[in-house]
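Here is what each chain is made of, one letter per residue.
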Amino acid sequence: LTPACCGMSEAAFQENERVLVVSKKFGGQLYEAKVQKVEFREGAHQYLIHYTGWSKKWDHFVTEPAILKWNDENLKRQKEVYDALMAAQQSYGKGARRAKREQLGPDGYIIPLPASSPVPLPATALQTAETKSASGKDEDSHSSGPSRNRKRKSESQDGASDANDKSELSLKIPRSLKNQLLEDWDQITNYHKLVPLPRDPTVSGILESYVSSKKRAISQSSEDEKIINDLVAGLKDYFDRALGTLLLYRFERAQYTQILKESSKKSMSEVYGAEHLLRLFAKLPSLLADVHMEESTLRLLSDRLHDFLKFLAKNQSLYFGTYKEADSDFLKFWKEQTGE
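So, a few notes on the structure that sits alongside this text. Chains are numbered independently. Their residues run from 1 in the order of the written sequence. Residues qualify for local features only when their pLDDT is at least 70, as the model is predicted, and side-chain atom pairs are given and counted only at 80 or more; totals for whole chains, interfaces and linings, by contrast, use all residues. The basis for the side-chain values is all heavy atoms of the structure; hydrogens and waters are excluded.

## Brief notes about the nonpolar core
In summary, soluble globular proteins display a tendency toward joint burial of nonpolar side chains. Rules: The set of buried Ala, Val, Leu, Ile, Met, Phe, Trp, Tyr and Cys residues whose side-chain atoms join them within 4.5 Å is what this entry labels a nonpolar core. Relative accessibility decides the category of a residue: with a 1.4 Å probe and only protein chains considered, values under 20% of the type maximum give buried, values over 50% give exposed, and everything between is partly exposed. Contact definition: two residues touch when any of their heavy atoms are within 4.5 Å.
Membership of the largest hydrophobic core comes to 75 residues, with the highest contact counts inside it found for Tyr 272 and Leu 284. Setting aside its immediate chain neighbours within four residues, Tyr 272 contacts Leu 197, Arg 199, Thr 202, Val 203, Phe 239, Leu 243, Leu 248, Tyr 256 and Ile 259.

## Concerning the sheet that holds strand 1 (residues 18-23)
To keep things clear, this is the line we draw: Note on pairing: DSSP must find at least two bridges between two strands before they are called paired. Strands are runs of DSSP state E lasting at least two residues, helices are runs of H or I lasting at least four, and both sets are numbered from the N terminus onward. Angles here are taken between N-to-C directions and fall from 0 to 180 degrees, while the axes themselves are lines fitted to C-alpha atoms, restricted in helices to the stretch in contact.
Overall, antiparallel pairing links the five strands, which are arranged 4-3-2-1-5 in an open sheet. The open sheet is flanked by strand 4 (60-63) and strand 5 (67-69), the only strands paired with a single partner. Direction aside, neighbouring strands of the sheet carry axes that sit 50 degrees apart on average. Strand direction decides the pairing type here: strand 2 (residues 29-41) and strand 3 (residues 44-51), joined by eight bridges, are antiparallel. Among the inter-strand pairings, Lys 34 is bridged to a residue of strand 3, identified as His 50.

## So, the packing of helix 8 (residues 274-287) against helix 9 (residues 295-314)
The test is simple: Oblique is the label for every angle not falling under 35 degrees (roughly parallel), over 145 degrees (roughly antiparallel), or within 65 to 115 degrees (roughly perpendicular). We call a crossing left-handed when the near helix sits turned anticlockwise from the far one by less than a right angle, and right-handed when that turn is clockwise. Ten residue types, Ala, Val, Leu, Ile, Met, Phe, Trp, Tyr, Cys and Pro, are classed as nonpolar, four, Asp, Glu, Lys and Arg, as charged, and the remainder, Gly among them, as polar.
Here helix 8 crosses helix 9 at 150 degrees, and the two axes come no closer than 12 Å. One element, helix 8, and the other, helix 9, form an angle in the roughly antiparallel class. Crossing of helix 8 over helix 9 shows left-handed handedness. Contacts between helix 8 and helix 9 pair Leu 277, Leu 278, Phe 281 and Leu 284 from the former with Leu 305, Phe 308, Leu 309 and Leu 312 from the latter. Of the residues belonging to the contact of helix 8 with helix 9, the class tally is eight nonpolar, no polar and no charged.

## Focus: the pairing of strand 2
As paired elements, strand 1 and strand 2 share six bridges and run antiparallel to each other. Along strand 2, the bridge assignment pairs Val 19 with Ala 33.

## Regarding the pattern of salt bridges
Heads up, the rule is: The working definition used for a salt bridge is a side-chain nitrogen of Lys or Arg within 4 Å of a carboxyl oxygen of Asp or Glu.
The final tally for this structure, using the stated rule, is 15 salt bridges. Between Glu 39 and Arg 41 there is a salt bridge, and its shortest N-O distance comes to 3.4 Å. In this structure, the salt-bridge partner of Arg 279 is Glu 252, at a minimum N-O distance of 2.7 Å. Here Glu 252 lies in the loop between helix 6 (222-246) and helix 7 (253-262) and Arg 279 lies in helix 8, a separation of 27 residues in the sequence. Of the two residues examined, Arg 279 and Glu 252, each falls in the buried class. Each of Lys 37, Glu 39 and Arg 41 takes part in one network of salt bridges that share partners.

## Some remarks on unusual backbone geometry
That bond from Leu 197 to Pro 198 is cis: its omega, -5 degrees, falls within 30 degrees of zero. Looking at the element boundaries, Pro 198 is found in the loop between strand 8 (193-194) and helix 5 (203-217). Residue Pro 201 is bonded to the preceding Asp 200 through a cis peptide linkage, with omega at 5 degrees. Mapped onto the elements of the fold, Pro 201 is located in the loop between strand 8 and helix 5. In this structure, His 192 is a non-glycine residue whose phi angle is positive, near 50 degrees. Its relative accessible area of 33% is what places His 192 among the partly exposed residues.

Pasting the structure below:
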């Protein structure tokens, strides 16, 4: 039956039309999409849509209430939704509770991530550069008088911070790596698959390759080389400390327990690979939220981290692998560990 014979209007959207689609699953964010096919079934128009820049596995049918015309008004609405989600993320970074275990990417995508647990920040080169800047500022402020110095000390003891004095790190994760994060979440939480371990290359291997690539690309000064080496050492240290409490989905914890028994003499950066390293980058802004940084230090750190993300995206096909089915022995062990 055609819509006309049933007294229904023509389809509001046509094949190959550029549209915006509301995703209830990911916070009501409006995604750019293209109409692939229009069908009339179950008494309504249904549209097969493809999200621009995303894998075809996310293609699905939606009805008209979920689609918006691509025009200035709706693009403004898209920005308003994005701004609201960004505000929610900032509130979360200051301690507000969130109902779902999701994190908003810097340019609007909500990236599902493992639930956060407190993790002590290691005394690494990455953190040392930041705290040096902070201490330098405190020394300057000392000359302003005892009362101001006491106030800063009190704030430090109480864990409070002045929003006007603190700069925050913002990482723009490349689109291809955002897709990778979403695929990672889907494979593990929905399909109960696992990253094969030990990975090849490991986190340590990837970081070493990055250092080598920088040395080959340009003639580094001794200062530049030291900065890169300190950054890599800091990332490795953060990863080893954060993995067990911050970077694992629930389904992966039994695998982690097995790895600790089998590879007790190895650091986790010598076992895990790009999948878990990328999760660390998605978490870094919140990890470093309470570490005071001078703007110059923040810019330097941000530039270096973005440079590494570009390197990771460029070598994505080499560093990210396929997931494996969990075997019966693992599932039995997982049930014993979780009681499920």
